[in-house]
Amino acid sequence: MDGAGESRLGGGDGDGSVGVQIRQTRRLPDFLQSVNLKYVKLGYHYVISNLLTLCLFPLAVVISVQASQTNPDDLRHLWIHLQYNLVSIIVCSAILVFGLTVYVMTRPRPVYLVDFSCYLPPDHLKAPFARFMDHSRLTGDFQDSALEFQRKILERSGLGEDTYVPEAMHHVPPRISMAAAREEAEQVMFGALDNLFANTSINPKDIGILVVNCSLFNPTPSLSAMIVNKYKLRGNIRSYNLGGMGCSAGVIAVDLAKDMLLVHGKTYAVVVSTENITQNWYFGNNKAMLIPNCLFRVGGSAVLLSNRSSDKRRSKYKLSHVVRTHRGADDRAFRCVYQEQDDTGRTGVSLSKDLMAIAGETLKTNITTLGPLVLPISEQILFFTTLVVKKLFNGKVKPYIPDFKLAFEHFCIHAGGRAVIDELEKNLQLSPVHVEASRMTLHRFGNTSSSSIWYELAYIEAKGRMRRGNRVWQIAFGSGFKCNSAVWEALRNVKPSKNSPWEDCIDKYPVTLSY
């Protein structure tokens, strides 16, 4: 191919032969093709999203032209016609008023998120890698191969040097007892609640609903009873304690609180999410059970919800949707995160090698339900069209992955581990900035179980990225196996609350991670 992009065949010297000129087109560079495709897709989304407006505009023009040509005689004839049909007008008006009344009376009450708080442990509970490994070695419970395995997991985990473990684990040997576990639970729950009540100026006696979730520590009296006793909550409070539901239980707790707020008017609900490490550290050598030791760290959150219309002005978010997916009927999914004893009788939580595959399948089911609720109609058409083509014509057609970036501005992916975040970033085609909150939360606080999605939301606020109308997708995974989603809409430009867990370190983030 020459510089002109064309070649010539045949004679051009008057010998009577026919000259044929072929113009060869150059292939556009890959980046230009991607740019063109991007703009085509944006144009498609714009047209479909504004299809109703584009269709109604010509109709509005026609009506305007007709109205401009109307004279007083036409208006007089219309008035006479309406007078003879007065009964019909009254009946139609009554039906319209009745319909509007029924709609207003039966529509669900909006649920507002007034504020939330995340617990920030004291500095003396920090567990740098070197101290973590030294204490593990000094316990005398781990073989050399188990210690080396934990070291490698720590280095590749995405955790930083400033995560926290409970007080009992800082002693050699660890001081594991019921009293120590209670102390950890009290420090986390009361620390988050004290800050929440201080920031919102809420009288604890005004709280009508309390939901607490903690998967592995469920003493008697319950954790919810401990909170009632500490803050002297009222005697008719509706309290619930969720146990054994894994890292996705925070969204389940929000869903339960939402359902209660829809039934009981003009009240507050508090949701407390935490996990307890003290009595659930594994001291054996089964590698599948050692991974939680390396990932799980101290943390907890407290969320204040309200159904009072007067609280809308001061609230941060409004709850839009909660979608829950449970695959417990599948034996493989049921056992992929499983608390059991090893061959030596030591209890721990075992993580299956199938965990990521099961998480992907569960996420697919969850977003199939969530998609129609949040995606623009343009994405739904593409997804449905691809599905029909795949079913009817060619089973090998690659399924269309909806672009959830068109539905959400922010993503809070459960910081369960680097692999979880990597997998969702890839499958949902997210950019690094969309998973930044999750990666930085994992680095700064580790896997704090069901409260991790709130540390992530606090990170987005601390960065000043939350604007009025922005939508947030919280995605959590948990044993069972479950995938749960919560969707929030910002009611204003949200600033971080006082004593945010990121207050003293947000300027250091994001950090560059090396695995």
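For the structure, check the block above.
Keep in mind the model is a prediction, meaning the values are calculated, not measured.

### Quick word on the overall build of the protein
- Each helix and strand counted, the protein has 16 helices and 13 strands in total.
- Considering the protein as a whole, with its 515 residues, one finds that 44% of them fall into the buried category.
- Here the contacts in the protein between residues at least 6 apart in sequence split such that 77% fall between residues at least 24 apart.
- Carbon together with sulfur atoms contributes 57% to the accessible area of the protein, which is approximately 27000 Å² in total.

### Focus on helix α6 (residues 144-156)
- Taking 1.5 Å per residue, 13 residues should reach 18 Å; α6 reaches 19 Å between its end C-alpha atoms and fits that length.
- Those residues of α6 that fall on the buried side of the exposure criterion are Ala146, Leu147, Phe149, Gln150 and Leu154. The buried residues of α6 occupy one face: seen down the axis, they fall within an arc of 160°. For α6, exposure combined with an orientation more than 90 degrees from the buried face picks out Asp144 and Arg156.
- Contact partners of the buried residues in α6: α5 (129-139) and α10 (287-295).
- One or two residues past the end of α6 sits Gly158, with phi positive at roughly 95°.

### Overview of the pattern of salt bridges
- Scanning all chains against the criterion turns up 23 salt bridges.
- Between Asp123 and Lys126 there is a salt bridge, with the nearest N and O atoms lying 3.7 Å from each other.
- Its salt-bridge partner being Asp259, residue Lys258 comes within 3.7 Å of it at the nearest N-O pair.
- Under the relative-accessibility criterion, Asp259 is labelled partly exposed at 36%.
- Each of Arg327, Asp330, Arg332, Asp354 and Glu361 takes part in one network of salt bridges that share partners.

### Observations regarding the packing of helix α7 (residues 178-200) against helix α8 (residues 223-231)
- Between α7 and α8, the shortest axis-to-axis distance is 11 Å and the interhelical angle comes to 55°. One finds that α7 runs oblique with respect to α8. Remark: the crossing between α7 and α8 carries right-handed chirality. On the side of α7, the interface is formed by Arg182, Ala185, Glu186, Met189, Phe190, Leu193, Asp194 and Phe197, while α8 contributes Leu223, Met226, Ile227, Lys230 and Tyr231.

### Overview of the nonpolar core
- Formed by 127 residues in total, the largest nonpolar core has its most connected members in Ile227, Leu305, Tyr317, Trp454 and Trp488.
- If you tally residues by element for this core, the top one is α7, at 9 residues.
- If we ignore the near neighbours within four places in the chain, the residues touching Trp454 are Leu113, Phe116, Cys118, Val254, Ser301, Val303, Gln474 and Trp488.

### Some details on the environment of Tyr119
- Tracing the backbone through its elements, the reader meets Tyr119 in the loop between β3 (112-118) and α5.
- In this structure Tyr119 comes out as buried when scored by relative accessible area, which is 10%.
- Sequence separation between Tyr119 and Val188 is 69 residues; the distance between their C-alpha atoms is 6.0 Å.
- For Tyr119, the contacting residues outside a window of four places in its chain are Gln187, Val188, Gly191, Ala192, Val298, Gly300 and Tyr455.

### Comments concerning the side chain of Glu461
- Position of Glu461 among the secondary structure elements: in helix α16 (residues 452-462).
- Classification of Glu461 as buried rests on a relative accessible area of 2%.
- Among the polar contacts listed, one links the side chain of Glu461 to the side chain of Lys316, at a separation of 3.0 Å.
- Excluding anything up to four places from it in sequence, Glu461 contacts Phe116, Lys316, Tyr317, Val494, Lys495, Pro496 and Ser497.

### Some points on the sheet that holds strand β12 (residues 471-478)
- One open sheet holds the 9 strands; their spatial order is β5-β4-β6-β7-β3-β8-β13-β12-β11, and the pairing between them is mixed. At either end of the open sheet lies a strand with only one pairing partner, and these are β5 (238-242) and β11 (410-413). Adjacent strand axes in the sheet meet at a mean angle of 20°, parallel and antiparallel pairs treated alike.
- Strands β4 (207-213), β5 and β6 (268-274) of the sheet are contacted by α8, whose axis makes an angle of about 140° with β4.

Procedures and definitions
- Just so you know, the residues in each chain are numbered from 1, in the order the chain's sequence is written.
- Thresholds applied to this predicted model are a pLDDT of at least 70 for local features of residues and 80 or more for the giving and counting of side-chain atom pairs; totals over whole chains, interfaces and linings are not thresholded and use all residues.
- Excluded from the side-chain calculation are hydrogens and water; included are all heavy atoms of the structure.
- Think of it this way: any DSSP run of H or I at least four residues long counts as a helix, any run of E at least two long counts as a strand, and we number them from the N terminus.
- Here's how the labels work: a residue is buried when its accessible area is under 20% of the maximum for its type, exposed when over 50%, partly exposed in between, all with a 1.4 Å probe on protein chains only.
- Contact between two residues is taken to exist if any of their heavy atoms lie within 4.5 Å; hydrogens are not considered.
- Surface accessibility follows the Shrake-Rupley procedure with a 1.4 Å probe radius. Residue values consider only the protein chains on display as shielding.
- Multiplying 1.5 Å by the residue count of a helix minus one yields the expected span of that helix.
- The arc under discussion is defined with respect to the helix axis, by the directions toward the C-beta atoms.
- Basic side-chain nitrogens of Lys or Arg form a salt bridge, by our definition, when they fall within 4 Å of a carboxyl oxygen of Asp or Glu.
- Inter-axis angles, ranging from 0 to 180 degrees, are taken between N-to-C directions of lines fitted to C-alpha atoms, where helices are fitted over the stretch in contact.
- Geometric relationships in this document are graded by angle, where less than 35 degrees denotes roughly parallel, more than 145 denotes roughly antiparallel, 65 to 115 denotes roughly perpendicular, and other angles denote oblique.
- Here is the rule for handedness: rotate from the far helix to the near one, and if that takes an anticlockwise turn smaller than a right angle the crossing is left-handed, while a clockwise turn gives right-handed.
- Among buried residues, those of type Ala, Val, Leu, Ile, Met, Phe, Trp, Tyr and Cys that are joined through side-chain atoms within 4.5 Å constitute a nonpolar core.
- Polar contact criterion, stated in full: a pair of N or O atoms within 3.5 Å, where within protein one must be able to donate a hydrogen and the other to accept it, and residues adjacent in sequence count only if both atoms are side-chain atoms.
- We treat two strands as partners when DSSP finds at least two bridges between them.

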